[in-house]
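Here's the letter readout for the chains.
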Amino acid sequence: MKRHLLEAADLDRADATLVLDTAAQIDQALAGREVKKLPTLRGRTVVNLFYEDSTRTRISFELAAKRLSADVINFSAKGSSVSKGESLKDTALTLEAMGSDAIVVRHSASGAPHRLANWVRGSVVNAGDGTHEHPTQALLDAYTIRRRLGRLDGVRVAVVGDVLHSRVARSNVWLLTTLGAEVTLVAPPTLLPVGVGSWPVTVSYDLDAVLPKADVVMMLRVQLERMNASFFPSAREYSRRYGLDAVRMAALGDDAIVMHPGPMNRGMEIAADVADSVRSTIVEQVGNGVSVRMAVLYLLLGGNA
Amino acid sequence: MTTIVKGARVLGGDPADLLLEDGRIAAVGERLSATGATVVDADGLVALPGLVDLHTHLREPGREDAETVETGSRAAALGGYTAVHAMANTDPVADTAGVVEQVWRLGQQAGLVDVVPVGAVTVGLRGERLAELGAMADSAARVRVFSDDGHCVADPALMRRALEYVKALDGVVAQHAEEPRLTVGAQMNEGDRSARLGLTGWPAAAEEAVIARDVLLAQHVGARLHVCHVSTAGSVEILRWAKSRGVQVTAEVTPHHLLLTEACAESYDPVFKVNPPLRTDEDVHALRAGLADGTIDAVATDHAPHAVEDKESEWASARPGMLGLEQALSVVLQTLVEPGLLDWAGVADRMSVRPAAIGRLDGHGRPIAPGEPANLLLLDPAARVTVDPAALASRSRNTPYAGRELPGRVVATFLRGEATVLDGKAVE
Ligand SMILES: [Zn+2]
């Protein structure tokens, strides 16, 4: 493993597989235990540096670090010196001076973790940067698919929704294709980036044509505000053309699964009965997220220091 | 003061001596001498007319922490420049006779290059109503170039009026071509890379659409138009078409758009963030070809100093712009002269003669010949210099060429016969 986890595009097949295998070992080690804790990162300090509100991701990383016995500091940019204009660099140097071994960073600016990695000696984990990447989300998605379907090689994954603004979509494109899956992006043309043609994926504007051939349908969150910038005409038209409801779900193959990185807009990109169906892995993804993030922290910080 | 330059190759020709006296070139010939003259050995050096920049941000008044008229002038002299056009986006904006005269006076006081203020087209660069263009033209600063640079004059009716109005002033509107509705939040060239890096795209069409509109307007009202920092292959095509139709349009390209591509954004280092953004390889080659065949008239630096804190940040919150004055000639050497696209006369034409003509400057962009003003530079074309940000004369450090080895070194610059640079160092 490299020192940092900045993007899924960085991971080769061996590294990505190592993360998934490590997560599986961690799950095994903790299965049936009353105290879900390993001593591996005792004495190490992990800082969650969050410039965007994301309670679920922060809690997931916090739990992962604590289950490895690391000390965890949550540093929220809101209400701190950051909101008074302290630069990312000054914040990073301050945290490092306080003895952080790893910084888990969430930032609204694409590339912020890359900048951070230039300024600190410790490890940097990208917990979502702008519209660029969210590598641990892709890793937990891959882990979930592998657990449910038993493989990733040749698995046909449809990623549906606002690809243009989605860091989850980008990370999944790189990671899943690296691991041998076949990815199809499904969206209205307005929500696909210019330049998507250079990605190793198939692109479709027609969800109904893609569903019967998909082993996995990954629904992306679509923000209603996009409507105001004319990315699509209305919420109703969006869900009619690109939402996953029970009728559409019936077109899926028997073993196909439905994923969503959360938080969901029920009734917009995904119908409530779909989200709650047996095909849905949405709750499972949350649990797998902790295991995968434990694996990442373990591999980056090298276990016993 | 009298100076004899020994053995300079004027525009790369045979070695000759130049006698500089009373601010003029008194003689060009062999074995010249004059009593009491300072002798400058120019063996192996190429003499070019002093360079003229149509696009410099000197930041004074307002951001003296990033650059001042004096530090920017020194950087210009070190780059071989004898005249620079100071852009209007200062604080306060150069939209009145008072501000342009202040900048002009600061330039005179520094005395290193002729600082020629650019006047804003619209009040406060707001794109709403015309600034007092006539008052700026009639001021001591004699403004002839008007620009809202940094902002596009996007309103077509206002642009039309500006083009028409400056005809009476023998002026020109220099347009920063960027359709603002197509570049909301834009961070880098829109294409494969922006898609992958998750940085909001700045489409080539946002530049090309404005240039296409403006050349049609310029033709319609019979006015002069100058296009700032052309950055795409499509823009070159539109300019070529417009020139073939007789439109009075001129255009500039920056050194960085001649050398660097959007690949630099991969690092997320905002030293490479600039507006318009770095484009593709294909664009770079079209820009070089356009400059070589004269479709693009001039190299202009868009020298844009920024304080460290405005660049040492995440990409999206960094200010756009990069330094250019001290390396411009070297970049032209590397991208056009060494590949054989432009000879020394061509360099003089694109970096001195034509920009001086566009800015209506007397005394600059003149031949190196007896009787002409002694504005010239001496270049060692064989030197190779690794760019060290700490060694720059600019008050800022945001050079995109840090650590890069570039050909050519300006050994001396003369402004009206006075050396502003000697032995590659600014004359104190
Ligand atoms: Zn500009």
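Residues numbered from 1 in each chain as written. Chains lettered and ligands numbered in written order. Predicted model: local features only at pLDDT ≥ 70, side-chain atom pairs only at ≥ 80, totals over all residues. Heavy atoms only, no water.

### Quick look at the interface of chain A and chain B
Quoted interface sizes are often the accessible area lost when the parts come together.
Item 1. Taken residue by residue, the interface counts 19 residues in chain A and 17 residues in chain B.
Item 2. Carbon and sulfur atoms make up 56% of the area that chain A and chain B hide from each other, which totals about 1400 Å².
Item 3. The largest per-residue losses of area from chain A upon contact with chain B belong to A:S110, A:R115 and A:V194, which jointly make up 34% of the total buried on that side.
Item 4. At the boundary of chain A and chain B, one finds two salt bridges.
Item 5. Between A:R115 and B:D269 there is a salt bridge, with the nearest N and O atoms lying 3.7 Å from each other.
Item 6. In this assembly, chain A and chain B are joined by six residue pairs in polar contact (both at pLDDT 80 or more).
Item 7. Looking at the side of chain A that touches chain B, the elements that each hand over two or more residues are α3 (88–97), α4 (112–119) and α6 (167–178) of chain A.
Item 8. With four residues, the top contributor of residues to the side of chain A that touches chain B is α4(A).
Item 9. Within the side of chain A that touches chain B, the residues separate by chemical class into eight nonpolar, eight polar and three charged. (Contact = heavy atoms within 4.5 Å. Buried area = accessible area lost by both parts, 1.4 Å probe. Salt bridge = Lys/Arg side-chain N within 4 Å of Asp/Glu carboxyl O. Polar contact = N/O pair within 3.5 Å; in protein donor to acceptor, adjacent residues only side chain to side chain. Helix = DSSP H or I, 4+ residues; strand = E, 2+ residues; numbered from the N terminus. Nonpolar A, V, L, I, M, F, W, Y, C, P; charged D, E, K, R; others polar.)

### Overview of unusual backbone geometry
Item 1. Cis rather than trans, the peptide bond between B:E60 and B:P61 has omega equal to 5 degrees.
Item 2. Topologically, B:P61 is positioned in the loop between β6 (51–56) and α1 (69–78).
Item 3. Not every positive phi belongs to a glycine, and A:S230 is a case in point at roughly 60 degrees.
Item 4. A:S230 gets classed as exposed once you look at its relative accessible area, which sits at 59%. (Buried < 20%, exposed > 50% of the residue type's maximum accessible area, 1.4 Å probe, protein only.)

### Considering the coordination of the zinc ion
Residues and elements named next belong to chain B.
Item 1. Distances from the zinc ion to its protein donors, D149 (OD), H176 (ND1) and H229 (NE2), fall within 1.9 to 2.2 Å.
Item 2. On the primary sequence, the residues serving as donors to the zinc ion are separated as D-x26-H-x52-H. Of this pair, H176 sits in the loop between β10 (172–175) and β11 (188–189) while H229 sits in the loop between β13 (225–227) and α7 (233–244); the two residues are 53 residues apart in sequence, bridging distant segments of the chain.
Item 3. A relative accessible area of 2% places H176 in the buried class. (Donors = N, O, S within 2.8 Å, 3.2 Å for Na, K, Ca; no water.)

### As for the UniProt feature "binding site: carbamoyl phosphate" (unreviewed entry) in chain A
Residue and element names in this part refer to chain A.
Item 1. Per the UniProt entry, the sites bearing "binding site: carbamoyl phosphate" (unreviewed entry) are R56, T57, R106, H134, Q137, G262 and P263 in this numbering.
Item 2. Apart from residues no more than four positions distant in its own chain, H134 is found in contact with T57, R106, A127, G128, R167, V168, S171 and R293.
Item 3. Positionally, P263 belongs in the loop between β9 (257–259) and α10 (272–275).
Item 4. For P263, a relative accessible area of 40% gives the class partly exposed.
Item 5. P263 has contacts with R56 and R221, leaving out every residue within four places of it along the chain. (UniProt positions renumbered as here; feature names shortened; annotations may be inferred.)

### Examining helix α1 (residues 13–30) of chain A
Residue and element names in this part refer to chain A.
Item 1. Between the first and last C-alpha of α1 there are 26 Å, a value that for 18 residues agrees with the 26 Å anticipated at 1.5 Å per step.
Item 2. What α1 keeps buried is the set D15, A16, V19, L20, T22, A23, I26 and L30. Down the axis, α1 shows its buried residues gathered within 155 degrees of arc, on one side only. Residues of α1 that are exposed and point more than 90 degrees away from the buried face comprise A14, Q25 and Q28.
Item 3. Close packing links the buried residues of α1 with α5 (135–149), α6 and α11 (282–301). (Expected span 1.5 Å × (residues − 1). Arc of directions from axis to C-beta.)

### A look at the state of the cysteines
Item 1. Tallied over the full model, the rule gives zero disulfides over all chains.
Item 2. Of all cysteine sulfurs in the structure, the one in B:C228 sits closest to B:C152, which takes part in no disulfide; the separation is 9.8 Å. (Disulfide = S-S within 2.5 Å.)

### Structural notes on the environment of B:P339
Item 1. As for its position among the elements, B:P339 is in the loop between α10 (328–337) and α11 (344–358).
Item 2. Along the backbone, B:P339 and B:L376 are 37 residues apart, and their C-alpha atoms lie at a distance of 24 Å.

### Overview of the domain arrangement of chain A
Residues and elements named next belong to chain A.
Item 1. According to the domain assignment, chain A consists of domain 1 (8–134 + 286–301) and domain 2 (135–281).
Item 2. Taken over C-alpha atoms, the centre of domain 1 sits 25 Å from the centre of domain 2.
Item 3. Taken together, the 32 residues of domain 1 in the interface contact 28 residues of domain 2.
Item 4. Buried surface at the junction of domain 1 and domain 2, summed over both partners, amounts to about 2400 Å²; 60% is from carbon and sulfur atoms.
Item 5. The largest contributions to the domain 1 side of the interface with domain 2 come from R13, L20 and H134, which together make up 28% of the buried area. (Domains from an automatic or database assignment.)

### Some details on the pairing of strand β8 (residues 216–219) of chain A
All names here are of chain A.
Item 1. On β8, burial covers both faces: V216 and M218 on one face and V217 and M219 on the other are all buried.
Item 2. Pairing of strand β5 (residues 156–160) with β8 involves four bridges; the strand directions are parallel. Residue pairing for β8: V159 is matched across the bridge by M218.
Item 3. Where β8 meets β9, three bridges bridge the pair, whose relative direction is parallel. If you follow V216 over to β9, its bridge partner there is I257. (Pairing = 2+ DSSP bridges.)

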